Amino acid sequence: MKAVVIKEPNTLLIEERAIPEPQAHQVRIKVRLAGICGSDSHIYRGHNPFAKYPRIIGHEFFGIIDKVGNAVDSKRIGERVSIDPVLSCGHCYPCSIGKPNVCETLEVLGVHTDGGFTEYVTVPADNAYTIPDNIPDEHAVTVEPYSIAANVTSHVKPNNADIALVYGAGTIGLTCAQVLKGVYQVKTLIVVDRVAERLARATACGADIVIDNSQIPLPEQLKALNIRPTLVLDAACHPSIMQEAILIASPAARVSIMGFSSEASSVTQQSITSKEISLFSSRLNAKKFPEVIDWIANKKIDPSKILTHQFAFTDAQDAILTFEKDQKTCCKILLTF
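Just so you know, these numbers come straight off a predicted model, no measurement behind them.

**Observations concerning unusual backbone geometry**
Right, so step 1: Cis geometry is adopted by the peptide bond preceding Pro54, which originates at Tyr53 and carries an omega value of -5°.
Right, so step 2: Within the element layout of this structure, Pro54 appears in the loop between α1 (38–45) and β4 (55–56).
Right, so step 3: You will see that Cys237, though not glycine, has its phi angle at about 70°, which is positive.
Right, so step 4: In this fold, Cys237 is placed in the loop between β14 (231–234) and α8 (241–248).
Right, so step 5: Phi is positive for Lys287, close to 55°, though the residue is something other than glycine.
Right, so step 6: Among the secondary structure elements, Lys287 is positioned in the loop between β16 (278–281) and α10 (289–297).

Right, dumping it as structure tokens:
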């Protein structure tokens, strides 16, 4: 079989590998589609601190179960499945309280261990979630990015009285936007970005107000509109955003960050406690695949609004370069197998 391998930073090869055999509690997936994520680019460029090389990348993927281990029901062969890339131990403290996404021995497929940009991959059977017949393949492969939005919104508990603001109209910002509006039906949804085409996509994903903060600072624009968000999600992930998010937020608001920068954020205690701001963080997903699959099946969210490009998996390098360079027209890129 062929696999997309990052041999070392800035070196991507299509390598021939042996087809893996599933262990007792595993299933083997014949991959059909996979999605390009920012973390794939970061691994390619050597900017992901968790990756070790060489590495088969890819943590967003979908396919068909074609073989099972001896502890797995053979009736699962032929199932269409999306794969949760979070591998956890199941017994440490975070796992015991329902947070396997921060397991003490966490591994993520395509990052800590080999992933899904390959023709065949073996995964734990419990990480392979069955996709209903009414969900097309191209939508099934997006379950993982929507699970990021499901995880962060599960922390901040949006409601229909919220004025929600999302920083960033990339893939994760748009999945958050769709979930906030389509699932939680927030009163007002604001999306902030600096690229007009991305803001247009945000409008299509349910934003009531879009704001370009490339010229006029966001706090000034919100003040002119007399808006104080009750909920702020940072899907742009720049360290400077936390301070601004707390500044613009309403008293008693909730603010959540998703970034992984090691650069310090400068925030005063007074700015938080004077308004009793609730701060949250979110990483990956804590078994959110079933609810995301249900949202897609019941058309509460629409993956077609984030899909923009397709490449053959053997052209993965071109796909990553497109992802990196084309912010105007590019959102979610799929690799076909």
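**What to know about the nonpolar core**
Right, so step 1: Among the nonpolar cores identified, the biggest contains 42 residues, and Leu180, Leu189, Val191, Leu233, Val292 and Ile301 are the most heavily contacted of them.
Right, so step 2: Elements with a contribution of two residues or more to this core: α4 (143–156), β11 (163–167), α5 (171–183), β12 (188–193), β14 and α10.
Right, so step 3: If one sorts the elements of this core by residue count, α4 sits on top with seven residues.
Right, so step 4: Contacts of Val191, omitting those with residues within four sequence positions, involve Val166, Gly168, Ala169, Ala177, Leu199, Ala202, Ala207, Ile209, Val210 and Ile211.
Right, so step 5: By size, the runner-up hydrophobic cluster in this structure holds 41 residues, among which are Val31, Val81, Cys95 and Phe311.

**Observations regarding the packing of aromatic side chains**
Right, so step 1: A complete count under the given rule lists three aromatic pairs for this structure.
Right, so step 2: An angle of 90° between the planes, with centres 5.6 Å apart, marks the rings of Phe50 and Phe260 as edge-to-face. Of this pair, Phe50 sits in the loop between α1 and β4 while Phe260 is found in the loop between β15 (254–257) and α9 (269–273), placing the two residues 210 residues apart along the sequence.
Right, so step 3: Residue class for Phe50 comes out partly exposed when judged on its relative accessible area of 32%.
Right, so step 4: Directly above the aromatic system of Phe50 lies the positively charged group of Arg283, at a separation of 5.0 Å from the ring centroid.

The rules behind the values
- Residues numbered from 1 in each chain as written.
- Predicted model: local features only at pLDDT ≥ 70, side-chain atom pairs only at ≥ 80, totals over all residues.
- Heavy atoms only, no water.
- Helix = DSSP H or I, 4+ residues; strand = E, 2+ residues; numbered from the N terminus.
- Core = buried A, V, L, I, M, F, W, Y, C linked by side-chain atoms within 4.5 Å.
- Buried < 20%, exposed > 50% of the residue type's maximum accessible area, 1.4 Å probe, protein only.
- Contact = heavy atoms within 4.5 Å.
- Phe/Tyr/Trp six-rings, centres within 6.5 Å; stacked < 30°, edge-to-face > 60°.
- Lys NZ or Arg CZ within 6 Å of the ring centre and 35° of its normal.

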